[in-house]
There are 2 protein chains.
Amino acid sequence: MGGGLKAKAAHGDSTERPDLEHFRALLHDHMVKRGLRSTDQRRLIVETFFEAPNHISIEELLAEVRQKDSRVGYATVYRTLKLLTECGVAFERKFGDGLTRYELADESSHHDHLICVECGKIIEFEEPKIEELQERIAARHGFVLKTHKHEMYGTCADCQAKLTRSAGARRGN
Amino acid sequence: MGGGLKAKAAHGDSTERPDLEHFRALLHDHMVKRGLRSTDQRRLIVETFFEAPNHISIEELLAEVRQKDSRVGYATVYRTLKLLTECGVAFERKFGDGLTRYELADESSHHDHLICVECGKIIEFEEPKIEELQERIAARHGFVLKTHKHEMYGTCADCQAKLTRSAGARRGN
DNA sequence: ATGGGTGCAAAGACTTTGCAGGCTG
DNA sequence: CAGCCTGCAAAGTCTTTGCACCCAT
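Residues numbered from 1 in each chain as written. Chains lettered and ligands numbered in written order. Predicted model: local features only at pLDDT ≥ 70, side-chain atom pairs only at ≥ 80, totals over all residues. Heavy atoms only, no water.

**Let's talk about the interface of chain B and chain A**
Here is the rule we go by: Only heavy atoms enter the contact rule, under which two residues are in contact if any of them lie within 4.5 Å. Accessible area that two parts lose when put together, with a 1.4 Å probe and added across both, is what the buried area reports. Throughout this description, the term salt bridge denotes a Lys or Arg side-chain nitrogen within 4 Å of a carboxyl oxygen of Asp or Glu.
In this complex, chain B contributes 35 residues to the contact, which on the side of chain A involves 35 residues. Carbon and sulfur atoms supply 65% of the area that chain B and chain A bury against each other, a total of about 3,100 Å² over both sides. At the junction of chain B and chain A, the tally comes to 2 salt bridges. The closest approach of N and O atoms between Arg140(A) and Glu127(B), which form a salt bridge, is 3.9 Å.

Listed below in structure tokens is the structure:
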């Protein structure tokens, strides 16, 4: 029936890959500037992060990393993501689920999030009109905006279908 | 322009108090329906919550409550707020600071939040145009929206002034 | 008298950090 | 070969829960 399901969603919207070289350079500069060192673990974690779907949690990233080197510790992933955040390569995101998630700090494609409360699918969206309205509201209150968080929670098309089906079944449809 | 600034913000926008009777009834019904009991602590906590500024944390509410009865425990406040959330009297909010905050579930005045990253001031705002755009975006992706979280972080007018002043001083102004 | 309610303290779920030994530059 | 890094485990935060006793109903 429902075909194969995409399941994935989250990641890059197929179009073009982000400019990883730019991020590698950013990280490299930061490390040189502070006398930090390049280690096997860091390189592995960083590259794994670059390949991973956006909005990955520490746990998830650790799992990926351990497929390549099972001896890497949680703390190292944690500290490396902290490092990436500091040098502007990653953004830290806290959705309501208690986990901290990370995504590539791709300024060039600003987006917010649409999240399915049934299956957890995360879709990114952009809406310049909203951005503009935000600025106007901020100005009205005398604020200068730094960042914002705009998340919409609902049920995706797939899950609506699923729910309708089971509701129908329950009703003896 | 400018004038005196309202400063307070956060709480009821001066206009009218929310309809507390409505919320008391909601809670009462819920408790009767489930055979829950009305105790001194619950009444105290609930009324204190009603009087407290919006976006209060458990710790803060507990402090208020303890001014009236120092023997109330953290867990009771915690459980009472859970109860209020369940029966639709309060909303749970998680801003990025790791705390859970609660506000009156005043549907009639839907709003989002503008937060000063310097002083923590929280201002509520409403913008129907954004709400409408949200629905449109959700529809475009096949979603049916349930809730959303829209927070904007920046520097409020007061703090901008403060920052400018100290920056100037530092520069030998 | 029941069985929900309370306070305390212990347990969870995540995130941070201290340390002894390892490795980069 | 100094000092940053790592992995482990312990320590923090904040939120939840188990329990024995208390008290509305």
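**Brief notes about the sheet that holds strand E5 (residues 122-125) of chain B**
Within a sheet, adjacent strands bond to each other through the backbone by hydrogen bonds, running parallel or antiparallel. Defined as follows: Note: two strands are recorded as paired if DSSP finds a minimum of 2 bridges between them. Each helix corresponds to a stretch of at least 4 residues labelled H or I by DSSP, and each strand to a stretch of at least 2 residues labelled E; elements are numbered beginning at the N terminus. Axis geometry follows a simple rule: fit a line to the C-alpha atoms, using only the stretch in contact for helices, then measure angles between N-to-C directions, giving values from 0 to 180 degrees.
Taken in spatial order, the 6 strands make up an open sheet running E5(A)-E4(A)-E6(A)-E6(B)-E4(B)-E5(B), and their pairing is mixed. With partners counted over all chains shown, the strands left at the sheet margins are strand E5 (122-125) of chain A together with E5 of chain B, one partner each. Going from strand to strand, the sheet's axes swing by 20 degrees on average, the running direction of each strand aside. As judged from the 4 bridges shared by strand E4 (residues 112-116) of chain A and strand E6 (residues 144-155) of chain A, these two strands associate in the parallel manner. Looking across to E6(A), one finds that Leu114(A) is bridged to Met152(A). Sitting on the sheet, helix H5 (residues 128-140) of chain A touches E4 and E6 of chain A together with strand E4 (112-116), E5 and strand E6 (144-155) of chain B, and the angle it makes with E6(A) is about 130 degrees.

**Observations regarding helix H1 (residues 20-34) of chain B**
Residues and elements named next belong to chain B. This is how it is decided: Any helix carries an expected span of 1.5 Å times its number of residues minus one.
Between its terminal C-alpha atoms H1 stretches 21 Å, which fits the 21 Å expected from 15 residues at 1.5 Å a residue. Elements in contact with the buried residues of H1: helix H2 (40-51), helix H4 (74-86) and strand E3 (100-104). At the exit of H1 stands Gly-35, carrying a positive phi of roughly 65 degrees.

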